[in-house]
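Fold and geometry: a report
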Amino acid sequence: MPETNNAMRDDAPAAAGAAPESVRGTVDALYRSDSRRIFATLIRLLGDFDLAEEALHDAFRAALEHWPRDGVPANPRAWLISTGRFKAIDGIRRRARIELVEDFDAEPDPASEDAWRDAESIGDDRLRLIFTCCHPALAPDAQVALTLREVCGLTTEEIARAFLTAAPTLAQRIVRAKGKIRDARIPYEVPSQAELPSRLDSVLRVIYLVFNEGYSASAGDSLTRADLSAEAIRLGSLLVELLPESEAIGLLALMLLQESRRAARTTPDGDLILLPDQDRALWNRAQIAAGVALVARALASRSAGSYTLQAVIAAVHAEAPSAAATDWGRIVALYDALAQGDPSPVVALNRAVAVAMRDGPAAGLALIEPILAGGELADYHLAHAAHADLCRRVGRTDAARASYTRALALARQAPERRFLERRLGELDQ
């Protein structure tokens, strides 16, 4: 569907006429909670990304037109899927292109929840779509970008920030990936058991990027987006059921352990609270227990990968009775193992912060400054914020001010910006 429809995709459906507020509220809520599930099912039924996107918005427009008169149906999701499919088929017929959908012979009743096929499989449609978007025929970055866009509904700008990539570059990558799926006739299905392991890495990366956007939103007024975190955990749980490999288990453990801190990460006014200052009584102990159990399960395979090691680090934090009692020596050792198996500038940055907590800020600065000099994290605001904090702690006020200013210029999330502004203000006191 043309990019002019992005506003509808990212916010709420639109209709020509005004619907009563109660119905519009219901439709808006359904769009936020279910639109990507409905979209995934429409792709299965229609076999085309753009056709499914158009059908999705046609269905929500129809809901705003019909539900004020007829009432909200007992199964709204089924009604929307059926209506979207019917309108897509009707549009194709009007354009004299019926030969493109040879299996669409009967005209479904848009009010019937039985009008679309395989209703029992709707819960798996997004997982099927993820594997389709992560097909090895696509470049790895295209796999992730396409899945974040089409399965999870992130905007091009949000994905670009997750990738530290320009938005126009991301948009072209997504367009090319969709064309490849169409031209290569990549099937919409979960791979066979024999193919699953080789396809797993990209899927895990997608789920983790979705979770990260929910755990720490790339922009906006809120620190988090609980809907995305919950969706990533749901997808991670489905994946563990489907393929209980150690890294899938490790990723689910990591997400649960990080999510357990959500209630303690902001003040009632939405301001950021750093990990050492959080009220640990607010941490979700059920999620911690589930995460720790999954860590043990993942480690039992004796082949701990990146996600499992990160989950172990999160478990060390979760099980520490206080910030002062955190075993920073163990965390540094775990980052050493992570850097050996999956080296990256962000891993090196996190290790430097852990070293600063273990050995003091000067030791951390000696590691962070070469990382920043390398240039790969030049546009990563958290790297400059970490550098500023360590400079502040050793009394290098001018360097701290410069780094806080750079971090503030790069930060797009309101709670983080307020935090950085407060830190800058404290330096001037």
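Another point: the nonpolar core. Residues Leu80, Leu129 and Leu239 are the most contacted members of the largest nonpolar core, which totals 102 residues. Listed in part, the 25 residues of the second largest apolar core include Ala356, Ile368, Cys391 and Ala407.

If you walk through the whole model with that rule in mind, you get 26 salt bridges. Residue Glu231 is joined to Arg234 by a salt bridge in which the shortest nitrogen-to-oxygen separation is 3.0 Å. Residue Glu231 and its partner Arg234 are located together in helix α10 (residues 226–242), separated by 3 residues, close to a single helical turn. Using a relative accessible area of 25% as the deciding quantity, one classes Arg234 as partly exposed. Notably, a salt bridge pairs Asp271 with Arg422, separated by 3.9 Å at the nearest N-O pair. Here Arg422 lies in helix α19 (residues 414–427) and Asp271 lies in the loop between α11 (246–259) and α12 (285–299), a separation of 151 residues in the sequence.

Inspection of the secondary structure puts Ser344 in the loop between α14 (328–341) and α15 (345–359). Judged by relative accessible area, Ser344 falls into the partly exposed class, the value being 30%. Taking the C-alpha atoms as reference points, Ser344 and Glu376, separated by 32 residues in sequence, lie 9.6 Å from one another.

Turning our eyes to something else, we now look at the confidence of the model for the chain. Predicted confidence across the chain gives a mean pLDDT of 86, with 88% of residues reaching 70 or more. Here residues 1–12 is a poorly scored stretch, pLDDT under 50, and it has 30 contacts once near neighbours within four places are set aside; other chains count. Note on residues 102–120: pLDDT is under 50 here. Beyond four places in sequence and across chains, it has 37 contacts.

Attention now moves to the packing of helix α17 (residues 381–394) against helix α18 (residues 397–410). Running from amino to carboxyl end, α17 crosses α18 at an angle of 160°, the nearest separation of the two axes being 8 Å. Taken together, the axes of α17 and α18 are roughly antiparallel relative to one another. For α17 against α18, the interelement crossing comes out left-handed. Facing His381, His384, Ala385, His387, Ala388, Asp389, Cys391 and Arg392 of α17, the residues of α18 in contact are Ala399, Ala400, Ser403, Tyr404, Arg406, Ala407 and Leu410. Class assignment for the residues of the contact of α17 with α18 results in 8 nonpolar, 4 polar and 3 charged.

Direction vectors running N to C along helix α5 (residues 125–133) and α10 enclose 85°, while the axes themselves pass 11 Å from each other. In terms of axis orientation, α5 runs roughly perpendicular to α10. Touching Arg126, Leu127, Ile130 and Phe131 of α5 are Glu231, Arg234, Leu235, Leu238, Leu239 and Leu242, all from α10. The class makeup of the residues in the contact of α5 with α10 is 7 nonpolar, no polar and 3 charged.

Counting through the fold element by element, Glu416 comes out in helix α19. Within the buried core, Glu416 has no salt-bridge partner, and the shortest N-O distance to an opposite charge, that of Arg265, equals 6.6 Å. Once you skip the residues sitting within four places of it in the chain, Glu416 turns out to touch Ser216, Leu223, Leu272, His381 and Leu382.

Attention shifts here to helix α13 (residues 306–319). If you check α13, its first and last C-alpha atoms are 20 Å apart, about what 14 residues at 1.5 Å a residue would give, namely 20 Å. Burial within α13 is extensive, with 12 of its 14 residues counted as buried. Among the residues of α13, those classed as buried are Ser306, Tyr307, Thr308, Leu309, Ala311, Val312, Ile313, Ala314, Ala315, Val316, His317 and Ala318. The inward-facing, buried residues of α13 contact α9 (196–215), α11, α12 and α14.

At Arg185, a position not held by glycine, the phi torsion is positive, near 50°. Of note, Arg185 is situated in the loop between α8 (167–183) and α9.

We now examine the packing of aromatic side chains. This structure, assessed with the given rule, holds 4 aromatic pairs. Aromatic pair Tyr208 and Tyr307: ring centres 5.4 Å apart, planes at 85°, arrangement edge-to-face. You can see Tyr208 sitting in helix α9 and its partner Tyr307 sitting in helix α13, a full 99 residues away along the chain. For the pair Tyr208 and Tyr307, one class covers both residues: buried. Their ring planes at 20° and their centres at 5.7 Å tell us that Phe211 and Tyr215 sit as a pair that is stacked. Taken together, the residues span about one helical turn, with Phe211 and Tyr215 both in helix α9 at a distance of 4 residues.

Here we come to the side chain of Glu231. Glu231 sits in the buried class, given a relative accessible area of 9%. In terms of polar contacts, Glu231 uses its side chain to reach the side chain of Arg126, at 2.9 Å. Residues contacting Glu231, with those up to four places away along its chain left out, are Arg37 and Arg126.

On to helix α2 (residues 21–46), then. The α-helix winds at 3.6 residues per turn, so residues separated by three or four positions along the chain end up facing the same way. Relative to the 38 Å expected for 26 residues at 1.5 Å per residue, α2 spans just 32 Å between its end C-alpha atoms, considerably shorter than the ideal helical length. At Asp34, α2 shows its maximal bend, which comes to roughly 65°. Once α2 finishes, Gly47 follows within two positions and takes phi at roughly 75°, a positive value.

Relative to the elements of secondary structure, Leu309 occurs in helix α13. Separated by 10 residues in the primary sequence, Leu309 and Leu299 place their C-alpha atoms 8.9 Å from one another. Not counting residues up to four positions away in its chain, the partners in contact with Leu309 are Ala304, Leu334, Ala337 and Leu338.

Reading guide: rules and limits
Residues numbered from 1 in each chain as written. Predicted model: local features only at pLDDT ≥ 70, side-chain atom pairs only at ≥ 80, totals over all residues. Heavy atoms only, no water. Core = buried A, V, L, I, M, F, W, Y, C linked by side-chain atoms within 4.5 Å. Buried < 20%, exposed > 50% of the residue type's maximum accessible area, 1.4 Å probe, protein only. Salt bridge = Lys/Arg side-chain N within 4 Å of Asp/Glu carboxyl O. Helix = DSSP H or I, 4+ residues; strand = E, 2+ residues; numbered from the N terminus. pLDDT = per-residue confidence, 0-100. Contact = heavy atoms within 4.5 Å. Axes fitted to C-alpha atoms, helices over the stretch in contact; angles between N-to-C directions. Parallel < 35°, antiparallel > 145°, perpendicular 65-115°, else oblique. Left-handed = near helix turned anticlockwise from the far one by under 90°. Nonpolar A, V, L, I, M, F, W, Y, C, P; charged D, E, K, R; others polar. Lys, Arg positive; Asp, Glu negative; His and termini not counted. Expected span 1.5 Å × (residues − 1). Phe/Tyr/Trp six-rings, centres within 6.5 Å; stacked < 30°, edge-to-face > 60°. Polar contact = N/O pair within 3.5 Å; in protein donor to acceptor, adjacent residues only side chain to side chain. Bend = angle between axes of the 7 residues up to and from the residue.

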